[in-house]
Amino acid sequence: MRDIRLIRAPSNLGLRPLRPGHVPGTWRGPEALTKAGLVVALAPDAVVDLERPAYSAEAEPGTRLRNGNAIRRFNLELADAVADALGRGEWPLVIGGDCSVLLGVLAAARRSGPVALAHVDGHSDFRHPGNYDVNAMLGSAAGMDLALATGRGEALLTEWPGIAGPLVADEAVVQIGERNSRDPDFAWADINATPITRIDVFTAREMGAVAVLEKTSAALARADCPCWLHLDVDVLDQTVMPAVDSPGSPGIDPDDLVAMLSPLAVDRRCIGMDMTIFDPDLDPTGELARMLVSLLGRIVRPA
């Protein structure tokens, strides 16, 4: 049994408002999951709480990223918290919050050298200035986290203190579960020209969990460095997990997800994990929070 340090990162900074006056509810995710039994299920050796950052839907000077400066500040704080856990020999488990927290956890991991990434998400999150008009709209970092992590986008969120180059190299990334790339109007088709290993949801369902795990493990082994596991719960089908900002179908079955991810999470090369995008505002009964607690427990603390 390894020592888990639970880090609750209540950010919604990387999300767009869904309507005028809307404030995305993902910042309440850590609290809601805690009330649903997260601490009891995971039995962490330590718990760290980051302070909720202030959200704004408005543009700010010097950046075309919504909440860009606040995202950088929050992720630098998160990086310090994750780096402290790693330095103590603990296994950091970060509960967001939106997907922009991926930047902070990778920035922490990179302080010790290269890192690989298993990016499990219903979207590839590969929006960057090369595939959209930055002057036409504000960028939302939660839909850009993989692009930013691989060095594509504003320096504000691609350049980090003491780290040369991108947070993670393309060839060290495995993206699992994306569901839009087969659409004729797929906006981020340039990801197809990268060395990123991609297993979309259709392929994952055809291959089966065991084959997905084998392909993912092989790709991460080739990277020959520690790896981080990122789980965006919108990789689940919207009939199973509708409490996200961009639900969709098809998705990966919960049991298959456990079969794919639990061996990765417990592998000695995996140095930590984050889980993101759950919005308790869309879960009035708390049923979905309880389901996620059970799912995470099966991944991180398998019987």
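Please read all numbers here as calculations on a predicted model, not as lab measurements.

**Details of the packing of helix α8 (residues 209-223) against helix α9 (residues 254-266)**
Phase 1: Where α8 meets α9, the axes come as close as 9 Å, and the angle between the chain directions of the two elements is 30 degrees. With respect to α9, the axis of α8 lies roughly parallel. α9 is crossed by α8, and the crossing has right-handed handedness. Across the interface between the two elements, Ala209, Val212, Leu213, Thr216, Ser217 and Leu220 from α8 touch Asp256, Ala259, Met260, Pro263 and Leu264 from α9.
Phase 2: Grouping the amino acids of the contact of α8 with α9 by side-chain chemistry returns 8 nonpolar, 2 polar and 1 charged.

**Focus: the pattern of salt bridges**
Phase 1: Scanning the model with the defined rule gives 13 salt bridges in all.
Phase 2: Taking the shortest distance from any N to any O, the salt bridge between Asp84 and Arg88 comes out at 3.0 Å.
Phase 3: What makes Asp84 partly exposed here is its relative accessible area of 32%.
Phase 4: Its salt-bridge partner being Arg198, residue Glu178 comes within 3.7 Å of it at the nearest N-O pair. Here Glu178, found in the loop between β5 (173-176) and β6 (197-199), pairs with Arg198, found in strand β6; they are 20 residues apart in sequence, far enough to count as distant.
Phase 5: With a relative accessible area of 1%, Glu178 lands in the buried category.
Phase 6: Exposure remark for Arg198: the relative accessible area of 24% places this residue in the partly exposed category.
Phase 7: Beyond isolated ion pairs, a larger network of salt bridges with shared partners links Arg5, Asp84, Arg88 and Glu90.

Rules of the game
Residues numbered from 1 in each chain as written. Predicted model: local features only at pLDDT ≥ 70, side-chain atom pairs only at ≥ 80, totals over all residues. Heavy atoms only, no water. Axes fitted to C-alpha atoms, helices over the stretch in contact; angles between N-to-C directions. Helix = DSSP H or I, 4+ residues; strand = E, 2+ residues; numbered from the N terminus. Parallel < 35°, antiparallel > 145°, perpendicular 65-115°, else oblique. Left-handed = near helix turned anticlockwise from the far one by under 90°. Contact = heavy atoms within 4.5 Å. Nonpolar A, V, L, I, M, F, W, Y, C, P; charged D, E, K, R; others polar. Salt bridge = Lys/Arg side-chain N within 4 Å of Asp/Glu carboxyl O. Buried < 20%, exposed > 50% of the residue type's maximum accessible area, 1.4 Å probe, protein only.

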